[in-house]
Amino acid sequence: MKINIITLGCSKNIVDSEHIAGHLRKAGFKLFFDRSRNDCDIVIVNTCGFIGDAKEESINVLLEQIAIKKRSRSPRRLIAVGCLIQRYEKELRQELPEIDAFYGVHQWGELVKELIELSPFTFHLSPFTFQERMQSTPQHYAYLKISEGCNRTCSYCAIPLIRGKHVSRPMEEILDEARRMVAEGVKEIIVIAQDTTYYGLDLYHKRALGELLERLATESGAQWIRLHYTYPTSFPLDAIEVMRRHKNICNYIDIPLQHINTRILNSMQRGIDREGTLSLLDSFRQQLPDVAIRTTLIVGYPGETLEEFEELKEFVRQARFDRMGCFAYSPEEGTAAYTLSDDVPEEEKERRVSELMAIQEQISLEKNQERIGKTYRVLIDRIDNDYIVGRTEYDSPEVDDEVLIPHHSPFTSPLSPSPGTFVDVVITDALENDLFARLVEK
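Heads up: these notes are all about the structure in this document. Only a predicted model underlies this, so the values are computations on that prediction, with no experimental measurement involved.

### Notes on the pattern of salt bridges
Part 1 of the reasoning: Overall, the coordinates contain 51 salt bridges when judged by the stated rule.
Part 2 of the reasoning: Among the salt bridges present, the one from Glu332 reaches Lys55, with a minimum N-O distance of 2.8 Å. With Glu332 in the loop between β13 (323–328) and α13 (346–369) and Lys55 in helix α2 (residues 52–71), this pair connects stretches of sequence that are 277 residues apart.
Part 3 of the reasoning: With its nearest N and O atoms 2.6 Å apart, the salt bridge here joins Arg323 to Asp395. Remark: Asp395 occurs in the loop between β15 (387–391) and β16 (402–406) and Arg323 occurs in strand β13; sequence separation between them is 72 residues. Exposure class is identical for Arg323 and Asp395. Each is buried.
Part 4 of the reasoning: One salt-bridge network, in which partners are shared between bridges, spans Glu304, Glu310, Lys313, Glu348, Arg351, Arg352 and Glu355.

### Things to note about empty space enclosed by the protein
Part 1 of the reasoning: Evaluation of the coordinates by the stated rule reveals two cavities of 30 Å³ or more.
Part 2 of the reasoning: Computed from the structure, the second largest cavity encloses a volume of approximately 30 Å³.
Part 3 of the reasoning: In this structure, the second largest cavity is lined by Val43, Gln65, Lys69, Arg76, Arg77 and Leu78.
Part 4 of the reasoning: Mapped onto the lining of the second largest cavity, the elements with two or more residues apiece are α2 and β4 (77–82).
Part 5 of the reasoning: Here the residues of the lining of the second largest cavity are counted per class, giving two nonpolar, one polar and three charged.

### Details of α13
Part 1 of the reasoning: With 24 residues, α13 extends 34 Å between its outermost C-alpha atoms, agreeing within 8% with the 34 Å of an ideal straight helix rising 1.5 Å per residue.
Part 2 of the reasoning: Residues of α13 that are buried include every one of Glu348, Lys349, Arg352, Val353, Leu356, Ile359, Gln360, Ile363, Ser364, Leu365, Lys367 and Asn368, and no others.
Part 3 of the reasoning: On its buried side, α13 packs onto β12 (292–299), α12 (306–319), β13, β17 (422–430) and β18 (434–439).

### A short note on the nonpolar core
Side chains of nonpolar character tend, in soluble globular proteins, to be buried together.
Part 1 of the reasoning: Counting residues in hydrophobic clusters, the biggest one holds 53 residues, and the most contacted among them are Leu213, Phe284 and Leu356.
Part 2 of the reasoning: Setting aside its immediate chain neighbours within four residues, Phe284 contacts Phe235, Leu237, Ile240, Ile253, Ile255, Val291 and Ile293.
Part 3 of the reasoning: Residues Ile20, Leu31, Ile44 and Cys83 belong to the second largest nonpolar core, which totals 24 residues.

### Some thoughts on the environment of His166
Part 1 of the reasoning: Following the sequence through the fold, His166 ends up in the loop between α5 (159–163) and β8 (167–168).
Part 2 of the reasoning: With a relative accessible area of 5%, His166 lands in the buried category.
Part 3 of the reasoning: A C-alpha to C-alpha distance of 9.6 Å links His166 and Gly200, two positions 34 residues apart in sequence.
Part 4 of the reasoning: Those residues in contact with His166, other than ones at most four positions away along the chain, are Ser147, Glu148, Gly149, Cys150, Asn151, Asp195, Tyr198, Tyr199 and Asp202.
Part 5 of the reasoning: A distance of 2.9 Å separates the side chain of His166 from the side chain of Ser168, its partner in a polar contact.

### Some remarks on the pairing of strand β14 (residues 375–383)
Part 1 of the reasoning: Relative to β17, β14 runs antiparallel, the two being bridged by five bridges. If you follow Val378 over to β17, its bridge partner there is Val423.
Part 2 of the reasoning: Judged from the four bridges that link them, β14 and β15 form a sheet pairing that is antiparallel. Within β15, the residue paired with Ile380 across the bridge is Gly390.
Part 3 of the reasoning: Connecting β14 to the next strand, β15, in antiparallel fashion are three residues.

### Examining the sheet that holds strand β10 (residues 224–227)
Part 1 of the reasoning: Taken together, the six strands give an open sheet; going across it, the order is β6-β9-β10-β11-β12-β13, and neighbouring strands pair in parallel fashion. The open sheet has two edge strands, β6 (141–145) and β13, and neither has a second partner. Averaged over all adjacent pairs, the angle separating strand axes in this sheet is 20°, with direction ignored.
Part 2 of the reasoning: Here helix α6 (residues 171–183) sits on the sheet in contact with β6 and β9 (188–192), set at roughly 170° to β6.
Part 3 of the reasoning: In this fold α13 packs onto β12 and β13, with an angle of close to 175° to the strand it touches most, β13.

### A word on the sheet that holds β4
Part 1 of the reasoning: Judged by pairing direction, the sheet is parallel, and its five strands sit side by side in the order β2-β1-β3-β4-β5 without closing on themselves. The open sheet terminates on both sides in strands that have one partner only, identified here as β2 (30–32) and β5 (101–103). For this sheet, the mean inter-axis angle between neighbouring strands, taken without regard to orientation, is 20°.
Part 2 of the reasoning: Note: strand β1 (residues 2–7) against β2, three bridges, orientation parallel. Residue Lys2 lies in a different strand from β2, and its bridge partner there is Lys30.
Part 3 of the reasoning: Most of the contacts of helix α1 (residues 11–26) go to β1, to which it runs at about 170°, and overall it touches β1, β2 and β3 (42–47).
Part 4 of the reasoning: Packing against the sheet, helix α4 (residues 108–118) makes contact with β1, β3, β4 and β5, and its axis sits at approximately 165° to β4.

The rules behind each value
Residues numbered from 1 in each chain as written. Predicted model: local features only at pLDDT ≥ 70, side-chain atom pairs only at ≥ 80, totals over all residues. Heavy atoms only, no water. Salt bridge = Lys/Arg side-chain N within 4 Å of Asp/Glu carboxyl O. Helix = DSSP H or I, 4+ residues; strand = E, 2+ residues; numbered from the N terminus. Buried < 20%, exposed > 50% of the residue type's maximum accessible area, 1.4 Å probe, protein only. 1 Å grid on protein atoms, 1.4 Å probe; cavity = no way out; pocket = protein on both sides within 12 Å on 5 of 7 lines; lining within 4 Å. Points joined across faces, edges and corners; volume = space filled by probe spheres on them. Nonpolar A, V, L, I, M, F, W, Y, C, P; charged D, E, K, R; others polar. Expected span 1.5 Å × (residues − 1). Contact = heavy atoms within 4.5 Å. Core = buried A, V, L, I, M, F, W, Y, C linked by side-chain atoms within 4.5 Å. Polar contact = N/O pair within 3.5 Å; in protein donor to acceptor, adjacent residues only side chain to side chain. Pairing = 2+ DSSP bridges. Axes fitted to C-alpha atoms, helices over the stretch in contact; angles between N-to-C directions.

As far as function goes, none of this settles anything; it's purely spatial.
Structural data, given as structure tokens:
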């Protein structure tokens, strides 16, 4: 039997899908991660329910798969799982009766059990664990989830309602998984959680991210370790010291700041104000002068005035982030902000998104142009028709800039570098989101 898993949303969902696939592969199923594939017996859609756009995409994909199921000549089973199901299972069951089964984010074991019972073969069902995994990303990089859930109370965010309280994974279990990744060919480990900086508080009664990074750097064998989804409040600065000491930890911090105005930050229940945010960014750059900082911001939050938006714009100009994303505020049922008046019109929200991103695109262009003529180590991700495509340590896959090396660039051997290899390049040109380069001749 063939099973296709379609994953929507964030990298945390990718990890969930990979663990589901690992158990099913062990049970003898043939697994695929391919949205375009239409020949599988079972399709699992791992949905996202974070914000309005993500929910809309999840519904559209489910409708798309329902249509394919109706046209199929052979029986197909369609299963919806994940965050959207956790929040809206009752409504979805009523609106989409063509879906055969629904599972929330705490029911992976039940999902695997049901599917194994559908198999014509007999298998021993072992308990669902994070030890089984089938990687869906390219072989040379993988995501490592260090905890589940979130203890924050951000007023706009439904994740704690969906995923529950923060639960850290034991450090030895994380290290075992990292070592297995490297043994299977992973060069870059991307550390993720809903809040990586909270890691350890529930398990070890202290923030243990710095210790975890130290051990990953020295014990995993990974050539690159990248840190995502940090949180500004009570940031464990010892982690920055660990990053400074270990060359295999990328000079890269992903830290969603959401806003800079103190009144809005207080309403968002972020636990930090303008001055605390500026001080934290200053600490990063003092300890890691070469660090690339990625952030995300929210515009159109209830009550955001034009003056507060102008303050946010000026902050972006001054902070000069290396990478930045921006979202229009989306009211989410059950959150504290849902009771506030969503008084910024949708068109105005989108205008503010565009205006803020235009500022960032200019900053990105200027920063990229400063790299022209410099030499960087690049991890090759793929080979396209015209370019060999890779990334520097300052860029995460899928969301950040890429380095494009023309095929006619001089090579040190008759063969092009293959995905998963490291090469040295000189930057020859730059755009807002791309760097062009040639291989360093040896």
